Amino acid sequence: MSTFEFFRKHHFDRGNWEQYHIFANFLFPVPDTCASTVKHNMFCYFRIYFTAPDNLYGYCWSQLTEQTSSFRCFADVNSRRCDWEWFFPEVAENACLSKDERILFESRINRNWVNLSAGVRECPFCRCVCERQKPDDPHVLCVYCQNAGEPNCHFCWYCLYPWKDHHSCTKDSARQILSTCPRKEIVKVTGCPSIRACPGCKILIEHKDQCKHMDCRNCKTSFCFICLEVRGQRGFSCGSYNTKCAVATIQTVT
């Protein structure tokens, strides 16, 4: 029995990360001269080997049903999501996927990737492909459900939950979206999250282009997409629409 097989047999899952960190550090020592990020990335890489196959399968399938096209580590590191990407061959091997399950996962990954690249989403009710009426509006109407007379035909672009008046994404889904969204450059400031939660109503807003100032369609709050400062009576203290400012940390949505 190999070392990996031994540890996987004992199912070092989410509740035992500290244990397999010790084992991984013993089996694969990293010189003290290496950066701490190298050690963390190594632990994250081996975390996939110490997660029970059933848990890994369930977690990765839940990611696919949320219409993502990649698998990322779910660990909390210093109160932030790890977000290290796992590659599908590793997931397939360690989740013990059968041939049919591999085909199912691969088809779902490809479909999600195509949908995201084309700027469309699958309706959570009928699975038909929909697009937004406005590029910055998270409220989506599924015309297929509407034509079929279904009671639910409106949903949120981000969390895929049914749309309601004054909608805000659930805390868990919002946290995941905010922590995993791509980073972009806004007015020559790099590393800005492309999705923010409105400081007023907490609805998720995606930045498309142009300036850093944003007006929430839902509650009319004006704020800076970079530093998250809300506009005061005298305007923005962080400068004009194209002035650089400090990037605020990822929001947690409490």
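Please read all numbers here as calculations on a predicted model, not as lab measurements.

Student: Talk me through helix 4 (residues 53-65); I want residue IDs and the actual numbers.
Tutor: Here helix 4 spans 18 Å end to end across 13 residues, near enough to the 18 Å set by a 1.5 Å rise per residue. Taken together, the buried positions of helix 4 are occupied by Pro53, Leu56, Tyr59, Cys60, Gln63 and Leu64. Summarising the axial view, the buried residues of helix 4 lie within an arc of 140 degrees, below the 170-degree limit, and thus occupy one face.

Student: So what about the packing of aromatic side chains? Which residues, and what values?
Tutor: In the structure shown here, the tally under the stated rule is seven aromatic pairs. Plain terms: the ring middles of Phe71 and Phe105 are 6.4 Å apart, the flat faces sit at 45 degrees to each other, and that makes the pair tilted. Placement of the pair is Phe71 in strand 1 (residues 71-72) and Phe105 in helix 6 (residues 99-118), with a sequence separation of 34 residues. Here the two residues Phe71 and Phe105 agree in accessibility, since each one is buried. Ring geometry for Phe223 against Phe225: centres 6.2 Å apart, planes inclined by 25 degrees, an arrangement best described as stacked. Since its relative accessible area comes to 0%, Phe223 is described here as buried.

Student: Account for the pattern of salt bridges, with residues named and values stated.
Tutor: A side chain of one charge can pair with a side chain of the opposite charge if their charged atoms are brought near each other. On inspection of all chains with the given rule, the structure shows four salt bridges. The salt bridge involving Arg127 is made with Glu122; its shortest N-O contact spans 3.6 Å. Among the ionic contacts, a cluster of salt bridges with common partners joins Arg108, Arg111, Glu122 and Arg127.

Student: With reference to specific residues and values, describe the confidence of the model for the protein.
Tutor: Predicted confidence across the protein gives a mean pLDDT of 76, with 77% of residues reaching 70 or more. Confidence drops under a pLDDT of 50 for residues 1-42, and excluding neighbours within four residues, the segment shows 56 contacts in the predicted structure.

Student: Any details on the pairing of strand 9 (residues 183-186)? Residues and values, ideally.
Tutor: Across a regular strand the side chains alternate sides, sitting on one face of the sheet and then on the other. In this sheet, strand 10 (residues 189-193) lies alongside strand 9 in antiparallel orientation, the contact comprising three bridges. Opposite Arg183, over in strand 10, you have Pro193 as the bridge partner. Linking two consecutive strands that pair antiparallel, namely strand 9 and strand 10, is a turn of two residues; a positive phi of about 45 degrees is found at Val187 within it.

Student: How would you explain the side chain of Arg196 if you had to name every residue and give the values?
Tutor: Turning to its location among the elements, Arg196 is positioned in strand 11 (residues 195-197). Buried and unpaired, Arg196 has no salt bridge, with Glu229 as the nearest side chain of opposite charge at 12 Å. Polar side-chain contacts of Arg196 include one of 3.3 Å to the backbone oxygen of Thr249.

Student: Which residues make up unusual backbone geometry, and what are the values?
Tutor: Look at Cys96: it is not a glycine, yet its phi comes out positive at around 55 degrees. With respect to the element layout, Cys96 can be found in the loop between helix 5 (88-94) and helix 6. By relative accessible area, Cys96 is classed as partly exposed at 47%.

Student: Please provide a residue-by-residue account of the environment of Thr68, values included.
Tutor: The residue Thr68 is located in the loop between helix 4 and strand 1 in this model. For the pair Thr68 and Arg111, spaced 43 residues apart in sequence, the C-alpha separation works out to 9.6 Å. Setting aside chain neighbours within four positions, we find Thr68 in contact with Gln63, Asn112 and Leu116. Among the polar contacts listed, one links the side chain of Thr68 to the backbone oxygen of Gln63, at a separation of 2.7 Å.

Student: How would you sum up the side chain of Arg121? Please name residues and give values.
Tutor: Along the polypeptide, Arg121 turns up in strand 5 (residues 121-122). With no salt bridge to any partner, buried Arg121 finds its closest opposite charge in Glu206, at an N-O distance of 8.0 Å.

Student: Break down the nonpolar core for me, citing the residues and quoting the values.
Tutor: Counting residues in each nonpolar core, the largest one holds 40 residues, and the members touching the most others are Tyr158, Leu204, Ile205 and Ile226. Elements with a contribution of two residues or more to this core: strand 8 (154-156), helix 8 (171-180), strand 10, strand 11, strand 12 (204-206) and strand 14 (222-224). Considering every element that reaches this core, the biggest residue donor is helix 8, with three residues. With sequence-adjacent residues up to four places away left out, Ile226 is seen in contact with Ile186, Val187, Val189, Cys192, Arg196, Lys212, Cys245, Ala246, Val247 and Ala248.

About the criteria used
- Here the residue numbers are simple positions, counted from 1 along each chain's written sequence.
- At least 70 in pLDDT is required for a residue's local features to be given in this predicted model, at least 80 for side-chain atom pairs to be given and counted, and no such filter applies to totals for whole chains, interfaces and linings, which use all residues.
- As a rule here, side-chain values come from all non-hydrogen atoms in the structure, and water together with hydrogens is ignored.
- The way it works is that DSSP assigns letters per residue, a run of H or I at least four long becomes a helix, a run of E at least two long becomes a strand, and they are numbered from the N terminus.
- Here the expected length of a helix is defined as 1.5 Å per residue gap, with one fewer gap than residues.
- Relative accessibility decides the category of a residue: with a 1.4 Å probe and only protein chains considered, values under 20% of the type maximum give buried, values over 50% give exposed, and everything between is partly exposed.
- In this description, one arc is meant: the one made by directions from the helix axis to the C-beta atoms.
- Two rings from Phe, Tyr or Trp (for Trp, the six-membered ring) form a pair when their centres are within 6.5 Å of each other. A pair whose planes differ by under 30 degrees is stacked, one over 60 is edge-to-face, and the rest are tilted.
- Think of a salt bridge as a Lys or Arg side-chain nitrogen and an Asp or Glu carboxyl oxygen that are within 4 Å of each other.
- As a per-residue measure, pLDDT reflects the predictor's confidence and takes values from 0 up to 100.
- Contacts are assigned to residue pairs that have any heavy atoms within 4.5 Å of one another.
- When DSSP finds two or more bridges between a pair of strands, those strands are recorded as paired.
- The convention is simple: Lys and Arg are positive, Asp and Glu are negative, and His and the chain ends are not counted.
- Contacts described as polar in this section are N or O atom pairs within 3.5 Å, which, within protein, must combine one atom able to donate a hydrogen with one able to accept it, while residues neighboring in sequence count only if both atoms come from side chains.
- Among buried residues, the Ala, Val, Leu, Ile, Met, Phe, Trp, Tyr and Cys ones that are joined through side-chain atoms within 4.5 Å form a nonpolar core.

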